[in-house]
Amino acid sequence: MKAMTTSSPVVDVLRYAAFTSRPDGGNPAGVVLDAALLGPDRMGAIAAEVGYSETAFVTSRDDERRRFTLRYFSPLAEVAFCGHATVATAVALAERLGVGDLAFDTPAGEILVTTETDAEGAVRATLTSVPTRSRPARTDELEPALSALGWDSADLDPELPPHVAFGGNDHLVLAVGSRARLAGLDYDFDALADLMRKHGWTTVHLVWREDEQRYHARDPFPVGGVVEDPATGAAAAAFGGYLRTLGALPASGVITVRQGEDMGRPSELTVRADPHGTRSHVTGHAVPITG
């Protein structure tokens, strides 16, 4: 795809679906591999034109050292870190430079990514988050969030308490007691966006626990101008840290997050968190979107 705003040169924007092996699944991301000459206003305009929840811009690159600087823009604002756009960028680079390790310098800090080819020949990427942290949500955070969602405290899973979790940016984590409650998401876009801006949350990570190794998630993203993300790697990283804080990780330290199913864009994110560590590792495929 070529993106162009008035009186600006054409920029080559790649399109990838992340955390899926199908172009019609996962979370679409824009990727600009040569953004060294683009200013933030131009990057923001391109992201708005592309219209995906995030577009990643490689603003400097050292192919020999496999080290790159990334910035991320939603249609409305720059964000410090985006997991699905990181995975998309890593796969795009691996397809051009060969698989192996990559290092991304982002506004959230250094993100190391390993790329490899699976048994079917597809490229997948594993990102290592910045150190995670998680704390209980305060009443002044929780009550207006439930109101904007049209939920009440009885909808929540008492074994997974509300937290604000960080894995590069902050996410309110709310666990519901039933899959039906998660499927019935219908929220007040403006009220939730205002609350998220007030507290600096990037998404609200809504989850239902199928079992200790498998979760289903939905992520409203109104602050980015998007109703919902079909796959959210940054929230998955934060969620791994949340489970670590609660002592709720399985013995393997590995969970699977299914997301996007209620949007018709099924996604799968594999999260690994060492119970004695501080970081999360999030793995997924990404495939080009053509046409």
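In what follows, the structure referred to is the one given above.
Quick summary incoming for the structure in this document. Not measured: the values here are computed from a predicted model. (Residues numbered from 1 in each chain as written. Predicted model: local features only at pLDDT ≥ 70, side-chain atom pairs only at ≥ 80, totals over all residues. Heavy atoms only, no water.)

### Observations concerning the overall build of the protein chain
Under the convention used in this document: Each helix is a run of H or I in the DSSP string that is no shorter than four residues. Each strand is a run of E no shorter than two, and both are numbered from the N terminus. The globule rule is 2.2 Å times the number of residues to the power 0.38, and the radius of gyration it is compared with is taken over C-alpha atoms. For every residue, the accessible area (1.4 Å probe, protein chains only) is compared with the maximum for its type, and the residue is labelled buried under 20%, exposed over 50%, or partly exposed between those bounds. The contact rule is simple, with two residues in contact once any of their heavy atoms fall within 4.5 Å. Only the protein chains shown count as cover for residues, and all accessible areas are computed by the Shrake-Rupley method using a 1.4 Å probe. We count Lys and Arg on the positive side and Asp and Glu on the negative side, and we leave His and both chain ends out. Charged groups are reduced to one reference atom each: NZ for lysine, CZ for arginine, CG for aspartic acid, CD for glutamic acid.
Check the secondary structure of the protein chain and you find six helices and 19 strands. A compact globule built from 291 residues should have a C-alpha radius of gyration of about 19 Å, and the protein chain, at 18 Å, falls within 12% of that. Counting all 291 residues of the protein chain, 56% fall into the buried class. Put simply, of all contacts in the protein chain between residues at least 6 apart along the chain, 63% involve residues at least 24 apart. Just so you have it, the protein chain exposes about 11600 Å², and 49% of that area is on carbon and sulfur atoms. Computed over 26 positive and 39 negative side-chain charges, the inter-centroid distance for the protein chain is 3 Å.

### A few points about the nonpolar core
What counts here: The definition of a nonpolar core used throughout is a set of buried Ala, Val, Leu, Ile, Met, Phe, Trp, Tyr and Cys residues joined through side-chain atoms within 4.5 Å.
Among the nonpolar cores identified, the biggest contains 56 residues, and Tyr72, Val87, Phe104, Val113, Phe239, Leu243 and Val282 are the most heavily contacted of them. For this core, the leading source of residues is helix α2 (residues 83-97), giving eight residues. When residues no more than four places from it in sequence are discounted, the contact partners of tyrosine 72 are Glu54, Thr55, Ala56, Ala77, Glu78, Val79, Ala80, Phe81, Cys82, Ala85, Thr86 and Thr106. If you look at the next biggest cluster of nonpolar residues, it comprises 25 residues, including Ala145, Val176, Leu195 and Met196.

### Let's talk about the environment of threonine 132
For threonine 132, the location among the structural elements is in the loop between β10 (123-128) and β11 (133-136). Taking the C-alpha atoms as reference, threonine 132 lies 4.7 Å from glycine 167; in sequence the two are 35 residues apart. Discounting chain neighbours no more than four positions away, the residues touching threonine 132 are Phe166, Gly167, Ala237, Gly241, Arg244, Thr278 and Ser280.

### Points about helix α1 (residues 40-50)
Regarding α1, the residues found buried are Arg42, Met43, Gly44, Ile46, Ala47 and Val50. With its phi angle positive at about 85°, glycine 51 sits one or two positions after the end of α1.

### Re unusual backbone geometry
Within the chain, phenylalanine 19 stands out as a residue other than glycine whose phi angle is a positive 65°. Checked against the element boundaries, phenylalanine 19 lands in the loop between β3 (14-18) and β4 (27-32). Looking at phenylalanine 19, the relative accessible area reads 2%, which means it is buried.

### Concerning the side chain of asparagine 27
What counts is decided by this rule: Whenever two N or O atoms come within 3.5 Å, that pair is a polar contact, provided that in protein one can donate a hydrogen and the other can accept it, and provided that, for residues adjacent in sequence, both atoms are side-chain atoms.
Structurally, the position occupied by asparagine 27 is in strand β4. Within polar-contact distance, the side chain of asparagine 27 engages the side chain of histidine 84 at 3.2 Å. One polar contact links the side chain of asparagine 27 to the main-chain carbonyl oxygen of alanine 231, over a distance of 2.7 Å. The residues touching asparagine 27, leaving out its near neighbours within four places in the chain, are Tyr16, Ala17, Ala18, Ser53, His84, Asp229, Pro230, Ala231 and Ser267.

### Side note on the pairing of strand β8 (residues 101-106)
Each regular strand carries side chains that alternate between the two faces of the sheet. Rule in force here: Pairing between strands is defined by DSSP: at least two bridges between the two strands are required.
Across three bridges, the pairing between strand β6 (residues 67-73) and β8 is parallel. If you follow threonine 69 over to β8, its bridge partner there is aspartate 105. Where β8 meets strand β9 (residues 109-117), six bridges bridge the pair, whose relative direction is antiparallel. In the sheet register, aspartate 101 faces β9, and the bridge partner there is threonine 114. The hairpin formed by β8 and β9 contains two residues between the paired strands.

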